[in-house]
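# Summary of the model geometry
Residue-level listing of the chains:
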Amino acid sequence: MGIFSRRQSAVIDPTTPVGTGAPDTGAAPRSVALDPAFQALTGQWAIDRAHSRIGFSVRHAMVTTVRGAFTDYDSMLYFDGSRPSESRADLVIRVASVDTGVEQRDAHIIGPDFFDARRYPEMTFRSTSASHEGDGSFRMTGDLTIRDTTRPVHLQLDYLGSVLDPFGYERAGFDGTTTIDRTEWGLAYNQRLKTGGAMVSEKVRLQFDISAIRSVP
């Protein structure tokens, strides 16, 4: 998640309102020219939690979608503008910070049926590789650990731009997404519907709406 390209750049006027994914197919990586402006973004970044969202969505009872987010986490993002493959990301999420807007549901999610937060208070993502796919598109592979189970996931990342905000912070933004099968991490609880299907989908879409701030050296 420490991946940024240079699709657009701007200075904000203070008066302006401000998975697992599918496995690798084994195809040889494409050689894609890098924008020279990438080099200006080389360095370490951190997610601004006040302006970011690490969320998820899952089908409920086969007829609707429940959405939630984690509000407490630590991050380290490093981008190498000359060699994006050297970029890396670490993310530690406190699972008890889950928020779906319903307290009773949140309590169930952090209980033994799902995250079992008392025994496994954190889930982590640590990148293992990254690649530039052209323009503002990147792909990052990493190890996702939930309930002491670690499996690889593949994130699709789209760069949104970089700005210098009115407070002097350099920001870069991107959207990321992947879909995982929660049962592969031991989150297997479910109830079957009489008409067929399950109360909670096994497929979970993870979504990353990120505003990252360059860290002071």
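If you're wondering where the values come from, they're calculated on a predicted model, not measured in any experiment.

Here is what the cut-offs are and how they apply
Residues numbered from 1 in each chain as written. Predicted model: local features only at pLDDT ≥ 70, side-chain atom pairs only at ≥ 80, totals over all residues. Heavy atoms only, no water. Phe/Tyr/Trp six-rings, centres within 6.5 Å; stacked < 30°, edge-to-face > 60°. Helix = DSSP H or I, 4+ residues; strand = E, 2+ residues; numbered from the N terminus. Buried < 20%, exposed > 50% of the residue type's maximum accessible area, 1.4 Å probe, protein only. Lys NZ or Arg CZ within 6 Å of the ring centre and 35° of its normal. Salt bridge = Lys/Arg side-chain N within 4 Å of Asp/Glu carboxyl O. pLDDT = per-residue confidence, 0-100. Contact = heavy atoms within 4.5 Å. Pairing = 2+ DSSP bridges. Core = buried A, V, L, I, M, F, W, Y, C linked by side-chain atoms within 4.5 Å.

Enumeration according to the criterion identifies three aromatic pairs in this entry. Ring geometry for Phe56 and Phe70: centres 5.6 Å apart, planes at 45 degrees, overall tilted. Here Phe56 is found in strand 3 (residues 53-60), whereas its partner Phe70 is found in strand 4 (residues 64-70), with 14 residues between them in sequence. Across the pair, Phe70 and Phe56 agree in class, each one buried. Here Phe114 and Tyr189 contribute two aromatic rings whose centre-to-centre distance is 5.4 Å and whose plane-to-plane angle is 70 degrees, an arrangement assigned as edge-to-face. With Phe114 in the loop between helix 1 (103-109) and strand 8 (122-134) and Tyr189 in the loop between strand 11 (170-181) and strand 12 (203-214), the pair connects residues that are 75 residues apart, well separated along the chain. Overall, Phe114 belongs to the buried group, its relative accessible area being 9%. One aromatic cluster is present, formed by Phe56, Phe70 and Phe115 through successive ring pairs. Over the aromatic face of Tyr73 sits the side chain of Arg49, whose NZ or CZ is 5.9 Å from the ring centroid.

Bringing the pattern of salt bridges into the picture now. Within the structure shown, the criterion is met by 11 salt bridges. Linking Arg94 and Asp72 is a salt bridge whose minimum nitrogen-to-oxygen distance equals 3.1 Å. Pair noted here: Arg94 is in strand 6 (residues 88-94) and Asp72 is in the loop between strand 4 and strand 5 (73-79), with a separation of 22 residues, a long-range link. Relative accessible area serves as the criterion here: at 28%, Asp72 is assigned to the partly exposed category. Asp165 serves as the salt-bridge partner of Arg171, at 2.9 Å between the closest nitrogen and oxygen. Using a relative accessible area of 15% as the deciding quantity, one classes Arg171 as buried.

Overall, the prediction assigns the protein a mean pLDDT of 84, with 83% of residues at 70 or greater. The lowest-confidence element of the protein is strand 1 (residues 9-11), averaging 37 in pLDDT; the highest-confidence one is strand 7 (residues 98-99), averaging 98. Of the regions scoring below 50 in pLDDT, residues 1-19 engages in 68 contacts with residues more than four places distant in sequence or in other chains. In the predicted structure, residues 22-31 sits below a pLDDT of 50 and forms six contacts with residues beyond four places in sequence or in another chain.

Where burial is concerned, most of strand 9 (residues 137-146) is hidden: seven out of the 10 residues are buried. Note that strand 8 and strand 9 share nine bridges and pair antiparallel. Along strand 9, the bridge assignment pairs Ser127 with Gly142. Hairpin connection between strand 8 and strand 9: a loop of two residues separates the two successive antiparallel strands, and Asp135 in this loop has a positive phi of roughly 50 degrees. As paired elements, strand 9 and strand 10 (residues 149-164) share 10 bridges and run antiparallel to each other. Along strand 10, the bridge assignment pairs Phe138 with Leu157. Hairpin geometry of strand 9 and strand 10 is characterised by an intervening segment of two residues between the two adjacent antiparallel strands and by a positive phi of about 55 degrees at Arg147.

A general feature of soluble globular proteins is that nonpolar side chains tend to end up buried together. The biggest cluster of nonpolar side chains holds 42 residues, and the ones touching the most others in it are Ile54, Phe70, Leu91, Phe115 and Leu144. Counting residues per element, this core draws most heavily on strand 12, at five residues.

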